[in-house]
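In case you want the letters, here they are:
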Amino acid sequence: MAIVETRGLRKHFGDVAAVDGVDLASKEGEFLVLLGPSGCGKTTLLRLIAGLEQPTAGEILIGGQVVNGLPPRARKIAMVFQSYALYPHMTVFNNIAFPLKAQGMSPEERKKKVEWAASLLGINRLLHRFPRQLSGGERQRVALARALVREPSIFLLDEPLSNLDAQLRASARDELQQFQRRIGTTTVYVTHDQVEAMGMGDRISVMYQGKVRQIGTPQEIYHEPADTFVATFLGSPPMNLVERKDYLLGFRPEHFLPKDIASVQDKTVTFQFRVTRVEYLGADRLIYGVVAGANGESKAISRLSATLTFPIEPGKGYDFLIRSQDLKFFDKATGLRTGPKLL
Ligand code: ATP
């Protein structure tokens, strides 16, 4: 199995730096997610790895070998795009067999290979159908099977689930992750959906404006964000940032709790929280309001489990606390994480 690595990788389109100096190395067999907002350079990075774009500068290595000069076919990668691009006039069988036919494989071998991939993905009964006779999730599996028969050393997946409805997406996510664990092929997966990234990735690389802002496990990215971009891109609602003299104080909504009900032994800090709005979300209650910041008031949000029935009304003020260990500190000018400050 191969790992994929980039060194000082750049891609400029005119004066747009779509990929702006990316150093990234996957681990063998890992599921690495590239996460970031629209336009941050995720797809361009994936296309560079695949060989569909030529870099402006830097190197791409697959399995330790520099592949910059190699055409896509020679890179032993398989890419599945958002639009699965199945051939509409071919059956599922022929769609999956197509790359093998192009390689000159014999019909018997092709049949064996297609049946192997189809059973891995649970689509044997669909082999005689045409793409128009399949659901979105089934089409996605066919596209994966077509990528799989080539036995790639690396899978590159670009938002492969984005055409599916919410329910199907959740089950497809689960399936795709289990499938990847089973075959153990190193996978680079692009998404702008943080829930997908958190749920699927062994590690997440958070991108913004062509750069990697942080790479780490979902837990690291969520609990120890490297800067205010990462802190506010992950989490829904995002991390609260309260302005202080020369720094920003960050805390997650689920750590911001009414003093009267929080049974906490650890050191805490307390804010007077003036509530403006309460939103009921079934399992949770979101409390919107303001706390005192350096330059007037700062907005803040608390997320309370529905099991906490403590009454909270808009227009009133309450003491809310945060455990000191749950506070994060960021430099006001650069947004970068700093060490703790004296409060
Ligand atoms: P999305 O989630 O919307 O697909 P992305 O993170 O994948 O976004 P890219 O498609 O990699 O972003 O685009 C990164 C930047 O490069 C954008 O500003 C985009 O407009 C620009 N870009 C991408 N491809 C080209 C191109 N062929 N020519 C010129 N600019 C391009």
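Scroll up for the structure.
Residues numbered from 1 in each chain as written. Predicted model: local features only at pLDDT ≥ 70, side-chain atom pairs only at ≥ 80, totals over all residues. Heavy atoms only, no water.

Q: How do you make sense of the site of the ligand when you look at a structure like this?
A: Inspection of the region around the ligand gives Phe13, Val16, Ala18, Pro37, Ser38, Gly39, Cys40, Gly41, Lys42, Thr43, Thr44 and Glu159 as its neighbouring residues. Backbone polar atom of Cys40 to an oxygen atom of the ligand: 3.0 Å apart, as the coordinates give it. Gly41 has a polar backbone atom sitting 3.0 Å from an oxygen atom of the ligand. The fraction of the free accessible surface of the ligand (640 Å²) that becomes covered by protein chains is 57%. Put simply, the parts of the chain that give the shell around the ligand at least two residues each are strand S2 (16–25) and helix H1 (42–50). Per-element tally for the shell around the ligand: the top contributor is H1, with 3 residues. A breakdown of the residues in the shell around the ligand according to their chemical character gives 5 nonpolar, 5 polar and 2 charged. (Near = heavy atom within 4 Å. Polar contact = N/O pair within 3.5 Å; in protein donor to acceptor, adjacent residues only side chain to side chain. Areas by Shrake-Rupley, 256 points an atom, 1.4 Å probe, with all protein chains shown as cover. Helix = DSSP H or I, 4+ residues; strand = E, 2+ residues; numbered from the N terminus. Nonpolar A, V, L, I, M, F, W, Y, C, P; charged D, E, K, R; others polar.)

Q: In this structure, what is going on with the sheet that holds strand S1 (residues 4–13)? I would like to understand it.
A: Through backbone hydrogen bonds, the strands of a sheet pair up, either in parallel or in antiparallel fashion. Taken in spatial order, the 4 strands make up an open sheet running S2-S1-S4-S5, and their pairing is antiparallel. What marks the edges here is a single partner per strand, and that holds for S2 and strand S5 (65–66). Bridging between strand S4 (residues 57–62) and S5 involves 2 bridges; their strand directions are antiparallel. Pairing of Leu61 across the sheet is with Val66, part of S5. Against the sheet, H1 contacts S1, S2 and S4, and its axis sits at roughly 115° relative to S1. (Pairing = 2+ DSSP bridges. Contact = heavy atoms within 4.5 Å. Axes fitted to C-alpha atoms, helices over the stretch in contact; angles between N-to-C directions.)

Q: Help me understand the pairing of strand S18 (residues 328–331) in this model?
A: On a regular strand, each side chain points to the face opposite its neighbour's, so the side chains alternate between the two faces of the sheet. Bridging between strand S12 (residues 247–251) and S18 involves 4 bridges; their strand directions are antiparallel. Looking at S18, one finds that Leu248 is bridged to Phe330. Here S18 runs beside strand S19 (residues 337–338); their pairing, made up of 2 bridges, is antiparallel. Each bridged residue has a counterpart across the sheet, and for Phe329 the counterpart in S19 is Thr338. In this antiparallel pair of consecutive strands, S18 and S19, the connection spans 5 residues, and Gly335 shows a positive phi of 80°.

Q: How should I be thinking about the packing of aromatic side chains in this particular structure?
A: Geometry of an aromatic ring pair is reported as the spacing of the ring centres plus the angle between the planes. On inspection of all chains with the given rule, the structure shows 13 aromatic pairs. Between Tyr208 and Phe229, the aromatic rings sit 4.1 Å apart at their centres with planes inclined by 20°, giving stacked as the arrangement. Of the two residues, Tyr208 is situated in strand S9 (residues 203–208) and Phe229 in helix H8 (residues 228–233); the sequence distance between them amounts to 21 residues. Summarising the aromatic geometry, the rings of Phe256 and Phe271 are spaced 6.3 Å apart at their centres and angled 80° between planes, so their arrangement reads as edge-to-face. (Phe/Tyr/Trp six-rings, centres within 6.5 Å; stacked < 30°, edge-to-face > 60°.)

Q: What am I meant to see in helix H2 (residues 92–102) here?
A: Because each turn of an α-helix spans 3.6 residues, side chains separated by three or four positions end up pointing in the same direction. Considered for burial, the residues of H2 that qualify are Val92, Asn95, Ile96, Ala97, Pro99 and Leu100. Considering only its buried residues, H2 is in contact with helix H3 (107–121) and helix H4 (136–148). (Buried < 20%, exposed > 50% of the residue type's maximum accessible area, 1.4 Å probe, protein only.)

Q: Can you help me understand the pattern of salt bridges in this one?
A: A pair can form between side chains of opposite charge whenever their charged atoms are brought close. Counting across every chain of the model gives 21 salt bridges. Residue Glu53 pairs with Lys11 through a salt bridge whose shortest N-O separation is 4.0 Å. Separated by 42 residues along the polypeptide, Glu53 in the loop between H1 and S4 and Lys11 in strand S1 bring together distant segments of the chain. Exposure remark for Glu53: the relative accessible area of 18% places this residue in the buried category. Take Lys11: its relative accessible area is 11%, and that puts it in the buried class. Of the charged contacts in the structure, one is a salt bridge between Arg274 and Glu297, with a shortest N-O distance of 3.2 Å. A residue pair is termed long-range when its members are at least 10 positions apart, and Arg274 in strand S14 (residues 268–280) and Glu297 in strand S16 (residues 296–305) qualify at 23 residues. Residue Glu297 is classed as exposed on the basis of its relative accessible area, which comes to 51%. Several salt bridges converge on common partners, so that one network encompasses Glu5, Arg7 and Glu59. (Salt bridge = Lys/Arg side-chain N within 4 Å of Asp/Glu carboxyl O.)

Q: How do you make sense of the sheet that holds S14 when you look at a structure like this?
A: Read from one edge of the open sheet, 5 strands run S13-S17-S14-S15-S16, paired in antiparallel fashion. Of all the strands in the sheet, just strand S13 (257–258) and S16 have a single pairing partner and so form its edges. Alignment of S13 against strand S17 (residues 317–323), held across 2 bridges, turns out to be antiparallel. Opposite Leu257, over in S17, you have Leu321 as the bridge partner.

Q: Hey, could you run me through the packing of H2 against H4 in this one?
A: Between two packed helices, both the angle of their axes relative to each other and the distance between the axes serve to describe the pair. Remark: H2 packs on H4, axes separated minimally by 7 Å, with the N-to-C direction vectors making an angle of 30°. With respect to each other, H2 and H4 are oriented roughly parallel. Once H2 is placed against H4, the crossing between them reads as right-handed. Between H2 and H4, the contacting residues are Val92, Asn95, Ile96 and Pro99 on the first element and Val142, Ala145 and Arg146 on the second. Split by residue class, the contact of H2 with H4 holds 5 nonpolar, 1 polar and 1 charged. (Parallel < 35°, antiparallel > 145°, perpendicular 65-115°, else oblique. Left-handed = near helix turned anticlockwise from the far one by under 90°.)

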